[in-house]
Amino acid sequence: MTPSPNDDPKTLVSTAWLAAHLKDPDLRVLDASWFLPDMARDAQAEYAAGHIPGARFFDIDEITDSRSALPHMAPAPEKFISRMRAMGIGDGHQVVVYDALGLFSAARVWWTFRLMGKTDIAVLDGGLPKWRAEGRDLEDMPPMVRDRHMTTARQNHLVKDVTQVAHAAKLGEAEIIDARAAARFRGEAPEPRPGLRAGHIPGSKNVPFASLLNADATMKPPAELRAIFEAAGVDLTKPAITSCGSGVTAAVLSLALERIGHRNHALYDGSWAEWGMYDDLAVEKG
């Protein structure tokens, strides 16, 4: 298999692209596998058992803002820098990030790098399942790591807090796009986290992240992505705010928006884990 003309080292690359570049001296690979509690899987144990050669494990639940009670909120730049240096990732590296479900949590790490001003990062299209299905090499040894200097420049426009989202919802100045499954968006299915109300942010649109993916968990081509957003009633001429259960799959929407050339998007980091907790925030159902 040869690399695809759709490969873009700033958004999405194919397994063929990664295989062709795996030995590049400035390439770094991250395993960002993460599972919902009800999946009963251990991401670190699975990484230890077998990962793409040279991959480091990016712990989404640890590389986070530990001062926040909300799950895996974006880390401070200082913490991000220290964790990346410990993994041997720094300035001048091209990073490729993948996960064990195909295209689920890897986009969250892509977004986190971009939040820190690092744009030389791509998600592996189809992730570990596609890599495995093609019979490509895996290893079970951790890589040799050398510290490299890293600088960041936090891009505050890429993230929104609850106050900003409430303001945007009230004024209708941005499209709020929810990546959760339709039944959760409509308030018909319970939330996986206890204590949260059911429903969605008033005026938000529902684009379940899985609808943007093919059967093999690769992302659909840009023309199809655009059609899916438009069919959900999203006005792509307006700024976009992506949301989900806890800020992970919202990043799949952010990646898709970037793929179709929609540059004015931000991610609601607290997402439903925050909005669904507060009784004074309005909720819509249906």
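In the block above lies the structure referred to throughout.
Sequence order as written defines the numbering, with residues in each chain counted from 1. In view of the model being predicted, local features appear only for residues whose pLDDT reaches at least 70, and side-chain atom pairs are presented and counted only at 80 or more, with totals across whole chains, interfaces and linings using the full set of residues. Hydrogens are left out, water is left out, and the side-chain values use all remaining heavy atoms of the structure.

Novice: Pulling in residues and values, what's your account of the pattern of salt bridges?
Specialist: Throughout this description, the term salt bridge denotes a Lys or Arg side-chain nitrogen within 4 Å of a carboxyl oxygen of Asp or Glu. For the structure on display, the rule yields 18 salt bridges. Aspartate 26 is the salt-bridge partner of arginine 148, the closest N and O atoms lying 2.8 Å from each other. One end of the pair, arginine 148, is in the loop between helix H5 (127-133) and strand S6 (159-160); the other, aspartate 26, is in the loop between helix H1 (15-21) and strand S2 (27-31), with 122 residues separating them in the sequence. When accessible area is computed with a 1.4 Å probe and restricted to protein chains, residues below 20% of their type maximum are described as buried, those above 50% as exposed, and intermediate ones as partly exposed. With a relative accessible area of 26%, arginine 148 lands in the partly exposed category. Using a relative accessible area of 35% as the deciding quantity, one classes aspartate 26 as partly exposed. Connected through salt bridges with shared partners, the residues Asp178, Arg180, Arg184 and Glu191 form a single ionic network. Helix and strand labels come from DSSP, where a helix needs a run of H or I of at least four residues and a strand needs a run of E of at least two; each type is numbered from the N terminus.

Novice: Mind laying out the environment of aspartate 42, listing which residues take part and the relevant values?
Specialist: Note that aspartate 42 resides in the loop between S2 and helix H2 (43-49). Judged by its relative accessible area of 46%, aspartate 42 is partly exposed. Here a polar contact is recorded for every N or O atom pair within 3.5 Å, except that within protein the pair must consist of a potential hydrogen donor and a potential acceptor, and residues adjacent in sequence are included only if both atoms are side-chain atoms. Polar contacts involving the side chain of aspartate 42 include one to the main-chain amide nitrogen of glutamine 44, which spans 3.1 Å. Only 3.0 Å separates the side chain of aspartate 42 from the backbone nitrogen of alanine 45, close enough to count as a polar contact.

Novice: Residues and numbers for the packing of aromatic side chains, please.
Specialist: Any pair of Phe, Tyr and Trp rings, taking the six-membered ring for Trp, is counted once the centres come within 6.5 Å. Such a pair is stacked with planes under 30 degrees apart, edge-to-face with planes over 60 apart, and tilted for the rest. Applying the stated rule across the entire model yields five aromatic pairs. Look at phenylalanine 80 and phenylalanine 113: their rings are 5.0 Å apart centre to centre, the planes differ by 85 degrees, and that puts the pair in the edge-to-face class. Taken together, the residues span a long stretch of sequence, with phenylalanine 80 in helix H3 (residues 77-86) and phenylalanine 113 in helix H4 (residues 106-115) at a distance of 33 residues. Residue phenylalanine 80 shares its accessibility class with phenylalanine 113, and that shared class is buried. Taking 6.5 Å as the distance between ring centres and 85 degrees as the angle between the ring planes, the aromatic pair formed by tyrosine 268 and tryptophan 275 counts as edge-to-face. Like tyrosine 268, the residue tryptophan 275 is buried in the burial classification. Put simply, the rings of Trp34, Phe104 and Phe209 touch in pairs and so form one group of aromatic residues. Here the guanidinium or amino end of arginine 136 rests over the ring plane of tryptophan 131, the centre of that ring lying 5.5 Å away. Here, a charge over a ring is recorded when the distance from Lys NZ or Arg CZ to the ring centre is within 6 Å and its angle to the ring normal is within 35 degrees. One residue, arginine 180, lies across the ring of tryptophan 272, its end atom 4.6 Å from the ring centre.

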